[in-house]
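Descriptive analysis of the structure
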Amino acid sequence: MRVVVQNDINRAYGKRGTRRRRAGVRGALAALALAAVVSGCTQSGADRAAPPAHGAQPLHAPPARALDSYASRLRAAYAARVAAAKRWGLAKVPLQAPPAPAHKPEITARKGFEVDDQEELNLPPVFTTIPTKQKIVFLTIDDGENKDPAFLRMMSDLKIPYTAFLSNYLVKDDYGYFKRMQAEGHTLNNHTLTHPYLPGLSYAEQKREICGMQDIMKKQFGKAPTVFRPPYGNYNHDTLVAAKSCGIKYAPIWDEEVYVDHWEYREDDRDLHPGDIVLTHFRGRADWKGTMVDDMRRFLGKVTAEGYAVARLEDYL
């Protein structure tokens, strides 16, 4: 029936009518293609507007019929961040880190930080910065002496990721504190049993410090980490050989260190750089002129003011 009708129309309107219909079809197809492009752009924009916090997976924009609900969730999430920033005394809302990279960067030893046979023995690299062009930094916290519950609440409220490097002699009185930290999605790593100056020890003693802490971590927290930080940032060839034998793949140290009342810098320009690893310690009023919460206010105040977000270190390793 359609063929008959079409032929009747052709006869009624002739070639001129045929050309008009073809033009109309082409216009309709173009309009459909444009609508598809616009729809695709709208969805992509929504994806970019929802970078994940705290190492989480990015939110994906749903079909058009649910866009209102999706936008409402975004507004609610931002309002929660604003409220949390105000609650913890921050001048600005911390920026959200971009999604974890699909392809992780190659991590190598920082120039001048290598040991003999570094590449030949495939020893864990010592580095201070993750290679990236994104304005992100990584927060790492050492030892485990101070166990401030307000710190846990603050970082949970603000959705700020961090990595803890633990020494057993300081954490063994309250493994539960660090288990709560782990349950929030933060990674716990090796910082030796007793926090010694490792280059002053024999190879066997260094191995005992590192592998012994690996055993503690597996028993208390469910797994032996692959990331290790030498105490004080000091190490030698034996340190990295021993660390590798204990299952360690990376040995990050730091580029900046933050205290309650000041910052310290490794580089001469005394500034932050994309991918920098920042160090602080589990300390309180007994050691500093303030608490862990005060320390985090200083840290987040600076990185946010300079346009940096805090990313999860393990997402890049």
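Owing to the predicted nature of the structure, the values given are computational and were not obtained by experimental measurement.

Conventions adopted
- Residues numbered from 1 in each chain as written.
- Predicted model: local features only at pLDDT ≥ 70, side-chain atom pairs only at ≥ 80, totals over all residues.
- Heavy atoms only, no water.
- Buried < 20%, exposed > 50% of the residue type's maximum accessible area, 1.4 Å probe, protein only.
- Helix = DSSP H or I, 4+ residues; strand = E, 2+ residues; numbered from the N terminus.
- Pairing = 2+ DSSP bridges.
- Lys, Arg positive; Asp, Glu negative; His and termini not counted.
- Salt bridge = Lys/Arg side-chain N within 4 Å of Asp/Glu carboxyl O.
- Contact = heavy atoms within 4.5 Å.
- Polar contact = N/O pair within 3.5 Å; in protein donor to acceptor, adjacent residues only side chain to side chain.
- Arc of directions from axis to C-beta.
- pLDDT = per-residue confidence, 0-100.
- Axes fitted to C-alpha atoms, helices over the stretch in contact; angles between N-to-C directions.
- Parallel < 35°, antiparallel > 145°, perpendicular 65-115°, else oblique.
- Left-handed = near helix turned anticlockwise from the far one by under 90°.

**Some points on the pairing of strand β8 (residues 277-281)**
- By the criterion of burial, β8 is predominantly enclosed, with five of the five residues buried.
- The alternating pattern of β8 places I277, L279 and H281 and V278 and T280 on opposite faces, both of which are buried.
- By the bridge criterion, five bridges tie strand β2 (residues 136-143) to β8 in an arrangement that is parallel. Bridge pairing links I141 to T280 in β8.
- Sheet topology note: the strand β6 (residues 256-258)/β8 ladder contains two bridges and is parallel. Within β8, the residue paired with E256 across the bridge is V278.

**Comments concerning the side chain of R81**
- Among the secondary structure elements, R81 is positioned in helix α2 (residues 67-87).
- Buried charged residue R81 carries no salt bridge. Nearest counter-charge: D157, at 13 Å.
- Look past the residues within four positions of R81 in its chain and what remains in contact with it is V93 and Q96.

**Brief notes about the environment of D255**
- Summarising the element assignment, D255 is placed in the loop between β5 (251-252) and β6.
- Relative accessible area serves as the criterion here: at 2%, D255 is assigned to the buried category.
- Taking the C-alpha atoms as reference, D255 lies 8.4 Å from L272; in sequence the two are 17 residues apart.
- Leave out the neighbours within four places in its chain, and D255 touches R110, T128, T129, Y265, R266, E267, H273, D276 and I277.
- One polar contact links D255 to R110, side chain to side chain, over a distance of 3.2 Å.

**Regarding the pattern of salt bridges**
- A full pass over the atoms with the stated rule returns 11 salt bridges.
- Note that D142 is salt-bridged to R229, the shortest N-O span being 2.8 Å. Of the two residues, D142 is situated in strand β2 and R229 in the loop between α6 (203-221) and α7 (237-245); the sequence distance between them amounts to 87 residues. Take D142 and R229: they sit in the same class, and that class is buried.
- Salt-bridge contacts for K302 lead to E306; the nearest nitrogen and oxygen are separated by 2.7 Å.

**A look at helix α5 (residues 175-183)**
- For α5, every residue scored as buried is listed here: Y175, Y177, F178 and M181. For α5, the buried positions fall inside an angular range of 155 degrees around the axis, keeping them on one side.
- Just beyond α5, the residue with positive phi is G185, at close to 100 degrees.

**Things to note about the confidence of the model for the protein chain**
- Taken over all residues, the pLDDT of the protein chain has a mean of 85, while the share at 70 or more is 79%.
- For the stretch residues 1-53, pLDDT sits under 50, and the model shows 27 contacts to residues farther than four places along the chain or on other chains.

**Concerning the side chain of T192**
- Structurally, T192 can be placed in the loop between β4 (187-190) and α6.
- Taking the relative accessible area as the measure of exposure, T192 reaches 0% and is therefore buried.
- Sequence-distant contacts of T192, that is, excluding residues within four places in its chain, are made with L166, S167, N168, L198, E209, I210, M213, F228 and P231.

**Let's talk about the packing of α6 against α7**
- Relative to each other, α6 and α7 sit at 45 degrees, their axes nearing to 9 Å. Judged on the interaxial angle alone, α7 and α6 are oblique. Two packed elements cross with a definite hand, and for α6 against α7 that hand is right-handed. Taken together, the residues of α7 that come into contact with α6 (itself represented by Y203, Q206, K207, I210 and C211) are D238, T239, V241, A242, A243 and S245.

**A few points about the packing of α5 against α6**
- One way to put it is that α5 packs onto α6 with a least axis distance of 11 Å and a crossing angle of 70 degrees. The pairing of α5 with α6 is recorded here as roughly perpendicular in orientation. Between α5 and α6, the contacting residues are Y175, F178, K179 and Q182 on the first element and I216, Q220 and F221 on the second.

**Things to note about the environment of T280**
- Structurally, T280 is set in strand β8.
- T280 gets classed as buried once you look at its relative accessible area, which sits at 0%.
- The spatial distance from the C-alpha of T280 to the C-alpha of W254 is 9.5 Å, given a sequence separation of 26 residues.
- Residue contacts for T280: discarding those within four places in its chain leaves L139, T140, I141, D142, V258, W288, D295 and M296.

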